[in-house]
Amino acid sequence: MPGRPAPRRRTVLSAAALTPVAGLGLTACSPDDDGAAPARPTAPVDLGADGEVAKGAATLFPDGNVVVSRAENGSLKAFSTVCTHAGCPIEKLEGAKLVCPCHGSEFDARTGEVLHAPATAPLIELPVEVKQGRIIASPGA
Ligand code: FES
């Protein structure tokens, strides 16, 4: 099972900029127990400049295990790209389709919905916003 890639410098905000999220717990396996990636980021993640996600498109940010899509009206949606089947990080985006390398599940990057089994649960939606021209995804609930 693939390991979780080490975050690059821009992936995780500096410790000074982070606010601990009370009650945040991992909702899936952590790398310590069976090698699966955490289902949610553990802190807000700076994904890059706002312009990196075009209207009507989706962009995969594999270092943060997040996919972000932008509707035609400009609104953003973000989903964890940790597969809901067995926790593999998804690192392949074909148009708007995410393909899991482990057992072939497919998800819609715009809605998080399952397009192809064995996964049955949709991807976890993450809060996302633009702050000072940067796309920031948060762990959420
Ligand atoms: Fe993704 Fe099994 S972990 S299909």
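Note that the coordinates shown come from a computational prediction; the quantities given were computed from them, not determined experimentally.

**Q** For the sheet that holds strand S9 (residues 125–126), give the residues involved together with the corresponding values.
**A** The four strands lie next to each other as S2-S3-S4-S9, forming an open sheet whose pairing is antiparallel. Sheet topology places strand S2 (58–61) and S9 at the edges, where each strand pairs with a single neighbour. Looking at chain direction, strand S4 (residues 76–80) and S9 are connected through two bridges and run antiparallel. Within the sheet, the bridge partner assigned to phenylalanine 79 lies in S9 and is glutamate 125.

**Q** Describe the pairing of strand S3 (residues 66–70), naming the residues involved and giving the relevant values.
**A** Across a regular strand the side chains alternate sides, sitting on one face of the sheet and then on the other. Summarising burial for S3: five of the five residues are buried, a large majority. Across the two faces of S3 the burial is the same, with Val66, Val68 and Arg70 and Val67 and Ser69 all buried. As judged from the four bridges shared by S2 and S3, these two strands associate in the antiparallel manner. Of the residues in S3, the one forming a bridge with leucine 60 is valine 67. Connecting S2 to the antiparallel partner S3 that follows it, the hairpin turn spans four residues, and asparagine 65 within it adopts a positive phi of roughly 55°. With five bridges joining them, S3 and S4 adopt antiparallel strand pairing. Pairing of valine 66 across the sheet is with serine 80, part of S4. Counting the residues that bridge the hairpin from S3 to S4 gives five residues, and of these glycine 74 lies at a positive phi of roughly 95°.

Parameters at a glance
- The numbering scheme is per chain: residues are counted from 1 as the chain's sequence reads.
- The predicted origin of the model limits local features to residues at a pLDDT of at least 70 and limits the giving and counting of side-chain atom pairs to 80 or more, whereas totals for whole chains, interfaces and linings rest on all residues.
- Side-chain figures throughout are based on the complete set of non-hydrogen atoms in the structure, without hydrogens or water.
- Strands were regarded as paired on the criterion that DSSP finds at least two bridges between them.
- By definition, any uninterrupted DSSP run of H or I lasting at least four residues is a helix, any uninterrupted run of E lasting at least two residues is a strand, and each is numbered from the N terminus.
- To sort residues, take the accessible area from a 1.4 Å probe on protein chains only and compare it with the maximum for the residue type: under 20% means buried, over 50% means exposed, and anything in between is partly exposed.

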